[in-house]
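One-letter residues, chain by chain:
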Amino acid sequence: MPVVVFAAPILSENAARMIAAIAGLPEVRTGVISQAPLEDLPPPVRAQVSHWRVVDVLDVAQLKEAVRQLGARVGSVDRLVAAYEQLQVPIAEVREQRGIAGLPAEAARNFRDKARMKSLLRDAGLPCARHRLAASPEQAAHAARELGFPIVVKPPAGAGAQATTKVDDVHALRSAVESASSNAERPVLLEEYMSGHEHSFETVSIDGRAVWHSLTHYYPSPLEVLRNPWIQWSLLLPREVEEPQYDDIRNAAFRALQVLGMGTGLTHMEWFRRPDGTIAISEVAARPPGAQIMTVISRAHDFDAVAAWARLMVFDEFAAPPRRYAVGAAYLRGQGSGRVTAVHGLDQVERELGSLVVDFKLPTPGQAPTGSYEGEGFVILRHPETAVVQRALQRLVSLVRVELS
């Protein structure tokens, strides 16, 4: 009977969904390592797992001891998994120390360190953003002369556009680098700013071979959304993903995963289609996508993508039914400052688009804004025709306004 341990800093709704999927596999014993108490899980899930609490889930020594303690309770650990970006290297190191199967630490670092990743991709001849590391404002200014403005400033091991800034001149660059407290031990990553249309590309790999893929279109890029608080972000998963128009990114994505050392798992890539039609890879994460993309994939195929991910990570198996729908997600962002006081336009959405809605989570009065591009809620739409979903997304974000005060 396999013993599977899932690690997460907090036991969020998303984490609980993944833990439940693992625990629901046949004849699997499930352990959980977290900084949060077991009581944060819903009672039905709580009853299915063995839990070990740590002070810092990112600390390798604490992770290793937690795995040992759980192993003593439920049996020798066969798999150690996580969906949290910052945990990918720590759990890989513990896997190697404990002899647990999974992505090696060297490969995990290739995915986690975005400067290292881009160097590997460029050396392999794959298209990606030009970049430099800078440990001081002076080094950043020198890099800017090579890369040209605008420039994106980010941590080398960031996630979800965290601490990511677009700068347009030397003064803004100096301020961004100084705010990041960069030094020789903590340099910042400078990238050329890529214009064009941003997308994601999700891939399931088994033993280093891509066996399934999907992709989305972003409207607009998350960085532009963060720079403009009035924009409500959306993404579209088209029904057509095998079309020739995607041959270039499909080939580049599969090759990139080989270069970075992907074994078995689900990866999330962000990439651009430039105005001239060429592509450029932004970065790749060795984990499931966030931003409700797993739900979007589930609705497109009429299956449970999280349950399929759990089976992939435990049994090295993956199967998805044919894609029947295009699916889109609109993220509802608060306008103004303060807390949510009202949500306008929902009645009109119900009248015009209600038949397309398959999932939603609406902002509630008194809710504090997240400050992220995902906003305070979301609505997911579905239809067999991609163009119908695309038009509906545009209409939805034009109708709904989340008021903060």
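Above this note sits the structure.
Below is a short write-up of the structure.

Cut-offs and rules
- Residues numbered from 1 in each chain as written.
- Predicted model: local features only at pLDDT ≥ 70, side-chain atom pairs only at ≥ 80, totals over all residues.
- Heavy atoms only, no water.
- Salt bridge = Lys/Arg side-chain N within 4 Å of Asp/Glu carboxyl O.
- Helix = DSSP H or I, 4+ residues; strand = E, 2+ residues; numbered from the N terminus.
- Buried < 20%, exposed > 50% of the residue type's maximum accessible area, 1.4 Å probe, protein only.
- Contact = heavy atoms within 4.5 Å.
- Phe/Tyr/Trp six-rings, centres within 6.5 Å; stacked < 30°, edge-to-face > 60°.
- Pairing = 2+ DSSP bridges.
- Axes fitted to C-alpha atoms, helices over the stretch in contact; angles between N-to-C directions.

### Side note on the pattern of salt bridges
At step 1: Tallying each qualifying case throughout the model produces 24 salt bridges.
At step 2: Residues arginine 174 and glutamate 138 are paired through a salt bridge, measuring 3.6 Å at the closest nitrogen-oxygen approach. Separated by 36 residues along the polypeptide, arginine 174 in helix H8 (residues 170–179) and glutamate 138 in helix H7 (residues 137–147) bring together distant segments of the chain.
At step 3: Glutamate 138 sits in the partly exposed class, given a relative accessible area of 48%.
At step 4: Among the ionic pairs, glutamate 352 bridges to arginine 395, the shortest N-O distance being 2.8 Å. Of this pair, glutamate 352 sits in helix H13 (residues 346–353) while arginine 395 is found in helix H14 (residues 386–399), placing the two residues 43 residues apart along the sequence.
At step 5: Exposure remark for glutamate 352: the relative accessible area of 35% places this residue in the partly exposed category.
At step 6: Overall, the relative accessible area of 35% leaves arginine 395 in the partly exposed class.

### Quick notes on the environment of alanine 252
At step 1: As for its position among the elements, alanine 252 is in helix H10 (residues 247–260).
At step 2: Assessed through its relative accessible area of 8%, alanine 252 is described here as buried.
At step 3: For the pair formed by alanine 252 and proline 127, sequence separation is 125 residues and the distance between their alpha carbons is 7.9 Å.
At step 4: Contacts of alanine 252, omitting those with residues within four sequence positions, involve Leu126, Ile279 and Ile281.

### Overview of the packing of aromatic side chains
At step 1: For the structure on display, the rule yields 6 aromatic pairs.
At step 2: On the numbers, 6.5 Å between centres and 90 degrees between planes, the contact of phenylalanine 6 with tryptophan 309 is edge-to-face. Of this pair, phenylalanine 6 sits in strand S1 (residues 3–8) while tryptophan 309 sits in helix H12 (residues 305–315), and the two are 303 residues apart along the sequence.
At step 3: Here the aromatic rings of tyrosine 218 and tryptophan 233 are separated by 5.1 Å at their centres, their planes lie at 75 degrees, and the arrangement is edge-to-face. Taken together, the positions of tyrosine 218 in strand S10 (residues 209–219) and tryptophan 233 in the loop between helix H9 (222–227) and strand S11 (234–237) put the pair 15 residues apart, joining distant regions of the chain.

### Digging into the sheet that holds S1
At step 1: Spatial strand order, S3-S2-S1-S4: 4 strands in an open sheet with parallel pairing. The two strands at the open ends of the sheet, each matched to only one other strand, are strand S3 (49–53) and strand S4 (79–81). Ignoring which end each strand starts from, the neighbouring axes of this sheet average 20 degrees apart.
At step 2: Here S1 runs beside strand S2 (residues 29–34); their pairing, made up of 6 bridges, is parallel. When the bridges of S2 are listed, valine 3 appears paired with arginine 29.
At step 3: On top of the sheet, helix H3 (residues 60–74) reaches S1, S2, S3 and S4; it is set at about 145 degrees to S3, its chief contact.
At step 4: Each of S1 and S4 touches H12; the most contacted strand, S4, lies at about 135 degrees to it.

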